[in-house]
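For reference, the chains in residue letters:
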Amino acid sequence: MNSEQIQTTFSAIVNFLLKAKIKNAFDKIELMVGELQMGNYTDRCDELQQNYRYLLQYYIDGVDDPQRKVVFNRLVSRMYVLASELREELLFRNSTAFEFIQKRYFPHKLRFSNYDDLYDAMTYFHRQKELLEADNRVTGNDMYRIRSNFEKLLPDIFSILWLSTRYDQKERQLYLNIQDKSYPGVIEKSLSVSALTLNLWRMFDEQKLMLLLDSCLSEVPQVRQRALAGLCFVIARHNQFIPYFPAIRNRLVLMADDQHFSEQLSNIGCVKQVLLIAELAIDLDFAALLGGQRQRIFQPKTDQRVAGAFPRATAAEAQMLHIEQAYLLFVIETMQHGFVVQAK
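No experiment lies behind these values; they were computed from the predicted model shown.

The phi dihedral of A20 is positive, around 65°, even though this residue is not glycine. Mapped onto the secondary structure, A20 falls in the loop between helix 1 (3-18) and helix 2 (22-36). In this structure, Q37 takes a positive phi of about 55° despite not being glycine. Examined against the element boundaries, Q37 turns out to sit in the loop between helix 2 and helix 3 (39-60). Of the residues examined, Q37 reaches a relative accessible area of 65% and is grouped as exposed.

Attention shifts here to the nonpolar core. If you look at the biggest cluster of nonpolar residues, it comprises 80 residues, and the most contacted ones within it are I22, M79, M122, L212 and F241. Of the residues forming this core, the biggest block, eleven residues, is contributed by helix 4 (residues 68-94). Here L212 is in contact with V193, L196, T197, L200, A227, G230, L231 and V234, once residues within four sequence places are set aside.

In this section: the side chain of S190. Along the chain, the position of S190 falls in helix 10 (residues 186-202). When residues no more than four places from it in sequence are discounted, the contact partners of S190 are Q222, V223 and R226.

What follows deals with the packing of aromatic side chains. Evaluated as defined, the whole model comprises twelve aromatic pairs. The interplanar angle of 80° and the centroid separation of 6.4 Å between the aromatic rings of W201 and F233 together place this pair among those described as edge-to-face. In this pair, W201 sits in helix 10 while F233 sits in helix 12 (residues 221-238), placing the two residues 32 residues apart along the sequence. By relative accessible area, which is 9% here, F233 ends up buried. Every member of this aromatic cluster is reached through a ring pair, and the members are F10, Y80, F204, F241, Y244 and F245. Above the face of the F10 ring, R87 is positioned so that its terminal group lies 5.4 Å from the ring centre. Against the face of Y115 rests K170, its NZ or CZ located 5.1 Å from the ring centre.

Our focus in this paragraph is helix 5 (residues 98-109). Counted at 1.5 Å a residue, the expected span for helix 5 with its twelve residues is 16 Å, and the 16 Å between its end C-alpha atoms agrees. Those residues of helix 5 that sit buried are E99, F100, K103 and F106. Axial view of helix 5: buried residues confined to an arc of 115°, hence all on one face. With respect to the buried face of helix 5, the exposed residues turned more than 90 degrees away are F98, Y105 and H108. Against the buried residues of helix 5 lie helix 4, helix 8 (154-163) and helix 10.

Here we come to the pattern of salt bridges. Opposite charge on two side chains makes pairing possible when the charged atoms of those side chains draw close. Applying the stated criterion to the full structure yields eleven salt bridges. A salt bridge links R251 to D214, with the shortest nitrogen-to-oxygen separation between them at 2.5 Å. Within this pair, whereas R251 is found in helix 13 (residues 246-256), its partner D214 is found in helix 11 (residues 206-215), the two being separated by 37 residues in sequence. On the accessibility criterion, R251 (18% relative accessible area) is buried. One salt-bridge network, held together by shared partners, links E88, E99, K103 and R202.

Another aspect to go through is the side chain of D156. Here D156 is to be found in helix 8. From its side chain, D156 meets the backbone nitrogen of R111 in a polar contact 2.8 Å long. Setting aside residues no more than four positions away along its own chain, D156 makes contact with K109, L110, R111, F112 and L118.

Where helix 9 (residues 169-179) contacts helix 10, the two axes come as close as 9 Å, and the packing angle between them is 140°. By the angle between their directions, the pair helix 9 and helix 10 is classed as oblique. Crossing of helix 9 against helix 10: the hand is left-handed. Every residue of helix 10 that contacts helix 9 at Y175, I178 and Q179 is listed here: E188, K189, S192, V193 and L196. Partitioned by chemical class, the residues of the contact of helix 9 with helix 10 number four nonpolar, two polar and two charged.

The bond known as a disulfide is covalent and runs between the sulfur atoms of two cysteines. Summed over the entire model, instances satisfying the criterion amount to zero disulfides. Of all cysteine sulfurs in the structure, the one in C232 sits closest to C216, which takes part in no disulfide; the separation is 8.3 Å.

The rules behind each value
Residues numbered from 1 in each chain as written. Predicted model: local features only at pLDDT ≥ 70, side-chain atom pairs only at ≥ 80, totals over all residues. Heavy atoms only, no water. Helix = DSSP H or I, 4+ residues; strand = E, 2+ residues; numbered from the N terminus. Buried < 20%, exposed > 50% of the residue type's maximum accessible area, 1.4 Å probe, protein only. Core = buried A, V, L, I, M, F, W, Y, C linked by side-chain atoms within 4.5 Å. Contact = heavy atoms within 4.5 Å. Phe/Tyr/Trp six-rings, centres within 6.5 Å; stacked < 30°, edge-to-face > 60°. Lys NZ or Arg CZ within 6 Å of the ring centre and 35° of its normal. Expected span 1.5 Å × (residues − 1). Arc of directions from axis to C-beta. Salt bridge = Lys/Arg side-chain N within 4 Å of Asp/Glu carboxyl O. Polar contact = N/O pair within 3.5 Å; in protein donor to acceptor, adjacent residues only side chain to side chain. Axes fitted to C-alpha atoms, helices over the stretch in contact; angles between N-to-C directions. Parallel < 35°, antiparallel > 145°, perpendicular 65-115°, else oblique. Left-handed = near helix turned anticlockwise from the far one by under 90°. Nonpolar A, V, L, I, M, F, W, Y, C, P; charged D, E, K, R; others polar. Disulfide = S-S within 2.5 Å.

Such coordinate-based values are descriptive only and should not be taken to indicate function.
Next up, the structure:
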């Protein structure tokens, strides 16, 4: 498969899942699994198909299963995640897009192969900076030298959190260490949130989205606002499938009950009732949801920047077009003001 065929196949899977055409979705997933030829994905696909056969058999036999909708929700969510990972792996092999070129080479360009060493190097900079600032004899050259060494580590942080397909324990721990309130680096905190947002834009991952939701409650205003902006982009990208993930849905409900959180979402262009996405899935009516109803999560603001990024659009295609444009602006701003840090 070339890049266009991969994207077309993935889009077909998404459309089939939204229309509850599970068999058609499995046919497309099998094409991607066959192309990838990796045993773990074959096993996952076989397991999901077996679960689907059980679900159908119980229905045909007339078994009254009160958990049928829950099982179906879980099946759809797992198929969507599997399709996202298959798309990612295939594009990693075949795509010539900048993002995937960077992904192929970034492990070989890291200054620290051990993420604990990378984190230790960053904390060392902050300790040295504090000592130098307290020493009146320190020259500007000394500060510039350690600052320059520190800034060489920032592309590593960004690349790890932006380009990793999955956050295993080491990636997750790196993110949590940086976001910990005891860590003093606001630049690294903001940069890691931007990298996580771009990662989620490329592919959906429940664990990563939970990390982003955690950052939306950060005590650091710059980090919190960046995470909230990222959350709006990510929800816009994946909002049709978020109701199938109860942990995320419940988290959104709890956060939306917080008046301060809702006001902050409103201020950056997101509808206060973001919990409506979650409420869609509490009593998920497949006939209505899969019949084409879409939940809008953005509203135009009087601010020209937001109004330009999110104009009123009744058609879903038009809405996504403007979200794509806003996303590109977000990437540009991130690369200019987050990724590239000038030495001082």
